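If you want the building blocks of each chain, they are given just below.
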Amino acid sequence: MLEVSSVSAGYGKLQVLFDVSATFPSGKITVVVGPNGSGKSTLLKTIYGLTRIYKGKIEFEGQDITKIQPHQKVAKGIVYLPQTDNVFDNLTVNENLRIAGYTLPKEELEERVERALEIFPILRGYMKRKAKHLSGGEKQMLAIAMALIKKPKLIMLDEPTAALAPKVAYQIINVIERLKNELGLTIVLVEQNAKVALKIGDKAILMVGGRVLYEGSPERLLRDPEFGPTYLGLRGATER
Amino acid sequence: MVAPILIDAITYSCLYILLSLGLTLTYMTTRVPNFAHASFAIIGSYITWTWVTSRIVSSIENAIEQGLDPREINVLIREFTLQPADYIAVLVLSFVVVGLVGLAQYLLVLKPLSNRGSTLIGLMIATIAVDMLIFSFINIYADYAQAYYNGVLKELSEKAGYKIPLLVKTRDFTLYAYDRLKGLNVQGSLVLLPSLVLGLLAVLQVLLTKTKIGIALRASVENPMLAEVAGVNVNRVYALAWFVSAGLAGCAGALVPLRLFTNPALGHTLIVSIFAASIVGGLNVIYGAFLGGLLVGMSETLIMNFLTLHLGLNAGYRPMIPLLIMAVMLLLLPEGIGGYEWSKFKKRVKAS
């Protein structure tokens, strides 16, 4: 389990998160939603160690990881997928997959690349193609495949469906659900498209103005007559 | 028989390719144009000078021990030629020594400054400071080496009882006379420079696309944060890039005195052409350096030859040519030949 306790963080002197506390249960999908600028992406970056933490504590599987460097977090099984620039555009798909497992011995890398390709068979046909020539959806699949090669326990995805066509976004959401069901991964999913994401979530967190406003069941959040319409652009319980 | 002007053009092209390749590589990693890059090459030139001079002096010492007469020693000095092992030795030595100088510049100057939040302008000025430091060091070395070898020759002359006819010169010197491949009536540097460039092209292609470290280098250049997340030690990869870049400059510089008149300030003349070659090829494209170096080297030599023959201009105008090429390129194609997406251009032409 991942636990964030009373964390205040930001970029330099600009504070974005204010006393944030939340838990992310193992083997479940926790969906973080909220309006633009509410601190969702900053929360993921803070967990991964890419922001300045002023106070608070972050624990993963009972271990304090607040001050651990990002590359050390990879070794602990924590993987973060940024919203943009999450693949190397000028490397081929094959090279991208291989660089993702840079620290692995050759045999293990081959095995993990094969496993990732079993989950994303579409990538097999593009192995020699540069990533910049892939579509948005294919790039996201490649980014997730690269994350899987690191054999994560916890995977944090920052708006993986942003700027994707609805059909492709739906495919990506399905893939994320499969990662939980088939591989038992703990997933933290930040999404703008709250309605779609909350449907696959086991837990929901609503962030507004750098604070956690709601933590609980996704169904309740979707049905809530105040939060849905005010912060998530939903038309209220009747729509669902 | 190849025309001498074409030989000159090939020499300069190869030199610029080797030098602009390193400049491009260091720019791609740290985004800092390194003004000390050409002076790296001149360190290589003085390594070759030291090697050749010490080899000749030790041959004279042996000859005196064996009791050869002054006429025989004169012949020995006049007919001294470099052996294949000499070429290998100066290239390897220059690569390692100059590579270490480049590594020191990255680790001791640029990285600490960058960690302290220095701006690009600050880092650029730091490279100029390093250049001045290297330039001063080469000047000191040139004076010291001249005094040292003149002293050695004086001692040898006293020992032999006659004046040893060897002129030790550490400024405006050339080692042209010693650069002959035995058996073939050709200069060693003329074979070595193009071979080095072609070999490098092949090695680079394999290194960057087939090896783990090469792919890590490309990844670190494109997105250092993502590379770090993948487990690549980006700092180590950048340090390697600086070592190799400076090492290549050292190799190019090691061959310079075999063709050109060399002095400690030669780097300051070369730097304009090297920047022009990198910009023409594309500062963000490693392979662009091959195109840029070839284009600038060829045009500089051939256009200057034309201007001298037909307009009577002297060689002082030579730096104007790379500067003009650089200016035109920055106006028309700022991303360089290698950086421009030619597929889009093709599509546009087809569509029209």
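Identification of chain B as Branched-chain amino acid ABC transporter permease from Fervidicoccus fontis is taken from an unreviewed UniProt entry. UniProt lists a comment for chain B under the heading Subcellular location (unreviewed entry), and it reads "Cell membrane".

You'll find chain A entered in an unreviewed UniProt entry as ABC transporter ATP-binding protein, with Fervidicoccus fontis given as the organism. Quoted verbatim from the Sequence similarities (unreviewed entry) field of the UniProt record, the comment on chain A reads "Belongs to the ABC transporter superfamily."

Some details on the nonpolar core
Core analysis: the biggest nonpolar cluster contains 160 residues, and Leu97 and Leu189 of chain A together with Ile60 of chain B have the highest contact counts within it. Ignoring anything within four residues of it in the chain, the contact list for Leu189 of chain A reads Ile29, Thr30, Val31, Val32, Leu157, Pro160, Ile173, Ile176, Ala197 and Ile200 of chain A. Within the second largest apolar cluster, 27 residues are counted, among which are Ala9, Phe24, Val74 and Tyr80 of chain A.

Some points on the pairing of strand S6 (residues 78–81) of chain A
Residues and elements named next belong to chain A. Here S6 shows no split at all, with Ile78 and Tyr80 on one side and Val79 and Leu81 on the other all buried. As defined by bridge partners, S6 adjoins strand S7 (residues 154–158) across four bridges and the pair is classed as parallel. Bridging across to S7, Leu81 finds its partner in Leu157.

Looking at the interface of chain A and chain B
Each side of the interface is counted separately: chain A has 19 residues, and chain B has 17 residues. Each partner contributes to the roughly 1700 Å² buried at the junction of chain A and chain B, and carbon and sulfur atoms together form 64% of this total. The largest contributions to the chain A side of the interface with chain B come from Phe88, Glu95 and Tyr102 of chain A, which together make up 38% of the buried area. Counting the contacts that link chain A with chain B gives one salt bridge. A salt bridge links Glu95 of chain A to Arg218 of chain B; the nearest nitrogen and oxygen atoms lie 2.9 Å apart. In this assembly, chain A and chain B are joined by six residue pairs in polar contact (both at pLDDT 80 or more). For the side of chain A that touches chain B, the secondary structure elements donating two or more residues are helix H2 (70–75) and helix H3 (93–100) of chain A.

A closer look at helix H11 (residues 288–311) of chain B
Residue and element names in this part refer to chain B. Helix length check: H11, at 24 residues, gives a terminal C-alpha distance of 32 Å against a target of 34 Å (1.5 Å per residue), a fit within 8%. Of the residues making up H11, those classed as buried are Gly288, Ala289, Phe290, Gly292, Gly293, Val296, Gly297, Ser299, Glu300, Thr301, Met304 and Leu307. Buried residues along H11 sit in contact with helix H1 (4–30), helix H6 (188–210), helix H10 (266–281) and helix H12 (320–332).

A look at the environment of Asn314 of chain B
You can see Asn314 of chain B is positioned in the loop between H11 and H12. Considered as a pair, Asn314 of chain B and Ala289 of chain B are 25 residues apart in the sequence and their alpha carbons are 28 Å apart.

Some details on the sheet that holds strand S9 (residues 203–208) of chain A
Residues and elements named next belong to chain A. Read across the open sheet, the six strands follow the order S6-S7-S8-S3-S9-S10; overall the sheet is mixed. Edge positions in the sheet fall to S6 and strand S10 (211–216), since each has one partner strand and no second. Within this sheet the neighbouring strands show an average axis-to-axis angle of 15°, counted without direction. Of the strand pairs in this sheet, S9 and S10 are connected by five bridges, and their pairing is antiparallel. Residue pairing for S10: Val208 is matched across the bridge by Arg211. The strands touched by helix H1 (residues 40–48) within the sheet are strand S3 (29–33), S6, S7, strand S8 (186–190) and S9, with S7 carrying the most contacts at an inclination of about 145°. Sitting on the sheet, helix H5 (residues 136–149) is in contact with S6 and S7, with an inclination near 165° to S6.

Definitions and cut-offs
Residues numbered from 1 in each chain as written. Chains lettered and ligands numbered in written order. Predicted model: local features only at pLDDT ≥ 70, side-chain atom pairs only at ≥ 80, totals over all residues. Heavy atoms only, no water. UniProt positions renumbered as here; feature names shortened; annotations may be inferred. Core = buried A, V, L, I, M, F, W, Y, C linked by side-chain atoms within 4.5 Å. Buried < 20%, exposed > 50% of the residue type's maximum accessible area, 1.4 Å probe, protein only. Contact = heavy atoms within 4.5 Å. Helix = DSSP H or I, 4+ residues; strand = E, 2+ residues; numbered from the N terminus. Pairing = 2+ DSSP bridges. Buried area = accessible area lost by both parts, 1.4 Å probe. Salt bridge = Lys/Arg side-chain N within 4 Å of Asp/Glu carboxyl O. Polar contact = N/O pair within 3.5 Å; in protein donor to acceptor, adjacent residues only side chain to side chain. Expected span 1.5 Å × (residues − 1). Axes fitted to C-alpha atoms, helices over the stretch in contact; angles between N-to-C directions.

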